[in-house]
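Now for the letters of each chain:
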Amino acid sequence: GSSWSRRRARGVDAQDQLLPKKVEALAHRVVAVSAGIYHSLVLTADGAVWSWGFGGHGHLGFGSSWSRRRARGVDAQDQLLPKKVEALAHRVVAVSAGIYHSLVLTADGAVWSWGFGGHGHLGFGSSWSRR
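Now for a quick tour of the structure. (Residues numbered from 1 in each chain as written. Predicted model: local features only at pLDDT ≥ 70, side-chain atom pairs only at ≥ 80, totals over all residues. Heavy atoms only, no water.)

## As for the sheet that holds strand E6 (residues 101-106)
What holds strands together in a sheet is hydrogen bonding between their backbones, with the strands either parallel or antiparallel. What counts here: When DSSP finds two or more bridges between a pair of strands, those strands are recorded as paired. Helix and strand labels come from DSSP, where a helix needs a run of H or I of at least four residues and a strand needs a run of E of at least two; each type is numbered from the N terminus. Lines fitted to the C-alpha atoms define the axes, with helices restricted to the stretch that makes contact. Angles between their N-to-C directions range from 0 to 180 degrees.
The strand order across the open sheet formed by three strands is E5-E6-E7, and the pairing between neighbours is antiparallel. At either margin of the open sheet sits one strand with a lone partner, and together these are strand E5 (92-97) and strand E7 (111-115). Each strand axis lies, on average, 20° off the axis of its neighbour in the sheet, ignoring direction. Pairing between E6 and E7: five bridges, direction antiparallel. For His101, the partnering residue across the bridge sits in E7 and is Gly115.

Structural data, given as structure tokens:
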């Protein structure tokens, strides 16, 4: 479920923001943004990608997913503040956030994808998520 439903189940109210508010945690100049259903991606001027939100299917790019955490007995946690996706070693020029997957385009023309691989979302020729 969504982070709202998980918070509600724990008796914690979800924190909605009803008016536009600057994301103060982003200290770098942002040149592109993309919003998925449960996560957000930004591209900074230096070619770095930052993500935050619900990362249950690995779509934040930090090498962790809800299913792998649950198998170890650990609850999936939301990434509440923007965090740099360190696994990308190439300069990124475009970002796109899907429902449970993410895509980036690098300066050399390569497309990188991660997250939920159901229905072939990742472009690897299979319908399973990759580590």
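## Structural notes on the packing of aromatic side chains
As a reminder of what qualifies: Here the aromatic set is Phe, Tyr and Trp, taking the six-membered ring for Trp, and pairing holds for ring centres within 6.5 Å; pairs whose planes are under 30 degrees apart are stacked, those over 60 apart are edge-to-face, and all others are tilted. For every residue, the accessible area obtained with a 1.4 Å probe (protein chains only) is divided by the maximum for its type, and the residue is called buried under 20%, exposed over 50%, and partly exposed between those limits.
Summed over the entire model, instances satisfying the criterion amount to three aromatic pairs. Aromatic pair Tyr38 and Tyr100: ring centres 5.5 Å apart, planes at 15°, arrangement stacked. With Tyr38 in the loop between strand E1 (30-35) and strand E2 (39-44) and Tyr100 in the loop between E5 and E6, the pair connects residues that are 62 residues apart, well separated along the chain. A ring pair is formed by Tyr100 and Phe116, whose centres lie 6.4 Å apart and whose planes are at 80°; its orientation type is edge-to-face. Remark: Phe116 occurs in the segment after E7 and Tyr100 occurs in the loop between E5 and E6; sequence separation between them is 16 residues. Take Tyr100: its relative accessible area is 23%, and that puts it in the partly exposed class. Classification of Phe116 as partly exposed rests on a relative accessible area of 30%. A connected cluster of aromatic rings, assembled from ring pairs, spans Tyr38, Phe54, Tyr100 and Phe116.

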